[in-house]
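The primary structure of each chain is shown beneath.
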Amino acid sequence: MHEYSVVSSLMDLCETHAKKHNATKIERVVVSIGERCGMDKQLFMSAFETFKEELDICKEAILEIVDEKVELECLECKQTYVPPNLEYGVCGHCGSQKVRLSKGTQMQLLSLEMV
């Protein structure tokens with residue numbers, strides 16, 4: 001349940017940005033969550049709802065989650081591609097097994113709507 005500590009840090013970051021821009025209210029928080037970042041979206045949303053009540057500036061904030069699909073990069077041919085399923089390991093272009101995850105492993109704050 002690391003979602004709660006991540007959301008706690010997210011709220012701190014939101015508050016910092018709001019203060020920096022002299023905002024009095026955060027209306028929307030947009031985050032991307034990679035499908036391989038290990039974050040349970042339901043727990044993340046639940047934690048957000050819990051923590052926003054503790055922070056006056058976020059009490060009415062809406063959470064928007066953007067799903068980030070896994071993207072692979074072939075170390076041989078340098079092509080990037082979205083695998084057809086999460087059972088990957090072979091380049092979809094050249095057949096090499098030398099691939100690495102280039103997207104879909106992170107959670108990021110994309111934007112804040114503040115007034």
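Residues numbered from 1 in each chain as written. Predicted model: local features only at pLDDT ≥ 70, side-chain atom pairs only at ≥ 80, totals over all residues. Heavy atoms only, no water.

1. Structural notes on the side chain of Lys-52
Reasoning step 1: Residue position: Lys-52 is located in helix H2 (residues 41–52).
Reasoning step 2: Residue classification places Lys-52 among the buried positions, given a relative accessible area of 8%. (Helix = DSSP H or I, 4+ residues; strand = E, 2+ residues; numbered from the N terminus. Buried < 20%, exposed > 50% of the residue type's maximum accessible area, 1.4 Å probe, protein only.)

2. Some points on the sheet that holds strand E2 (residues 62–68)
Reasoning step 1: With mixed pairing, 3 strands are arranged side by side in an open sheet as E2-E1-E6. One side of each edge strand has no neighbouring strand; the edge strands of this open sheet are E2 and strand E6 (107–114). For this sheet, the mean angle separating the axes of adjacent strands, direction not counted, is 20 degrees.
Reasoning step 2: Where strand E1 (residues 26–34) and E2 come together, 7 bridges link them in parallel fashion. The residue bridging Ser-32 from the neighbouring strand is Val-66, located in E2.
Reasoning step 3: In the packing of H2 onto the sheet, contacts are made with E1, E2 and E6, and the angle to E2 comes to roughly 160 degrees. (Pairing = 2+ DSSP bridges. Axes fitted to C-alpha atoms, helices over the stretch in contact; angles between N-to-C directions. Contact = heavy atoms within 4.5 Å.)

3. What to know about the side chain of Glu-3
Reasoning step 1: Structurally, the position occupied by Glu-3 is in helix H1 (residues 3–20).
Reasoning step 2: Although Glu-3 is buried, it forms no salt bridge, and the closest oppositely charged side chain is Lys-41 at an N-O distance of 11 Å. (Lys, Arg positive; Asp, Glu negative; His and termini not counted. Salt bridge = Lys/Arg side-chain N within 4 Å of Asp/Glu carboxyl O.)

4. A look at the sheet that holds strand E5 (residues 99–103)
Reasoning step 1: With respect to topology, 3 strands assemble into an open sheet ordered E4-E3-E5, the strand pairing being antiparallel. The two strands at the open ends of the sheet, each matched to only one other strand, are strand E4 (80–81) and E5.
Reasoning step 2: Bridge count for strand E3 (residues 71–74) against E4 is 2 bridges, and the pairing is antiparallel. Across the sheet, Leu-72 pairs through a bridge with Tyr-81, a residue of E4.

5. A few points about the packing of aromatic side chains
Reasoning step 1: All chains considered together, the criterion is met by 1 aromatic pair.
Reasoning step 2: Taking 6.2 Å as the distance between ring centres and 55 degrees as the angle between the ring planes, the aromatic pair formed by Tyr-4 and Phe-51 counts as tilted. With Tyr-4 in helix H1 and Phe-51 in helix H2, this pair connects stretches of sequence that are 47 residues apart. (Phe/Tyr/Trp six-rings, centres within 6.5 Å; stacked < 30°, edge-to-face > 60°.)

6. Overview of the nonpolar core
Nonpolar side chains in soluble globular proteins tend to be buried together.
Reasoning step 1: Formed by 22 residues in total, the largest nonpolar core has its most connected members in Ile-26, Val-29, Phe-44, Phe-48 and Cys-58.
Reasoning step 2: Broken down by secondary-structure element, the contributors of at least two residues to this core are H1, E1 and H2.
Reasoning step 3: Of the residues forming this core, the biggest block, 5 residues, is contributed by H1.
Reasoning step 4: With residues up to four places along the chain from it excluded, the contact list for Phe-48 reads Val-7, Leu-10, Met-11, Val-29, Ala-61, Ile-62 and Leu-63.
Reasoning step 5: Formed by 5 residues, the second largest nonpolar core is a distinct cluster that contains Val-70, Leu-72, Cys-74 and Tyr-81. (Core = buried A, V, L, I, M, F, W, Y, C linked by side-chain atoms within 4.5 Å.)

7. Looking at the UniProt feature "binding site: Zn(2+)" (unreviewed entry) in the protein
Reasoning step 1: Per the UniProt record, "binding site: Zn(2+)" (unreviewed entry) is annotated on Cys-74, Cys-77, Cys-91 and Cys-94. Their sequence span is 21 residues, while the largest C-alpha to C-alpha distance among them is just 8.7 Å; these annotated residues converge on one region.
Reasoning step 2: Relative to the elements of secondary structure, Cys-74 occurs in strand E3.
Reasoning step 3: In contact with Cys-74, not counting residues within four places along its chain, are Gln-79, Cys-91, Cys-94, Ser-96, Lys-98 and Val-99.
Reasoning step 4: For Cys-94, the position within the fold is in the loop between E4 and E5.
Reasoning step 5: Taking relative accessible area as the criterion, Cys-94 reaches 42% and is therefore assigned partly exposed.
Reasoning step 6: Aside from chain neighbours lying at most four places away, what touches Cys-94 is Cys-74, Glu-76 and Cys-77. (UniProt positions renumbered as here; feature names shortened; annotations may be inferred.)

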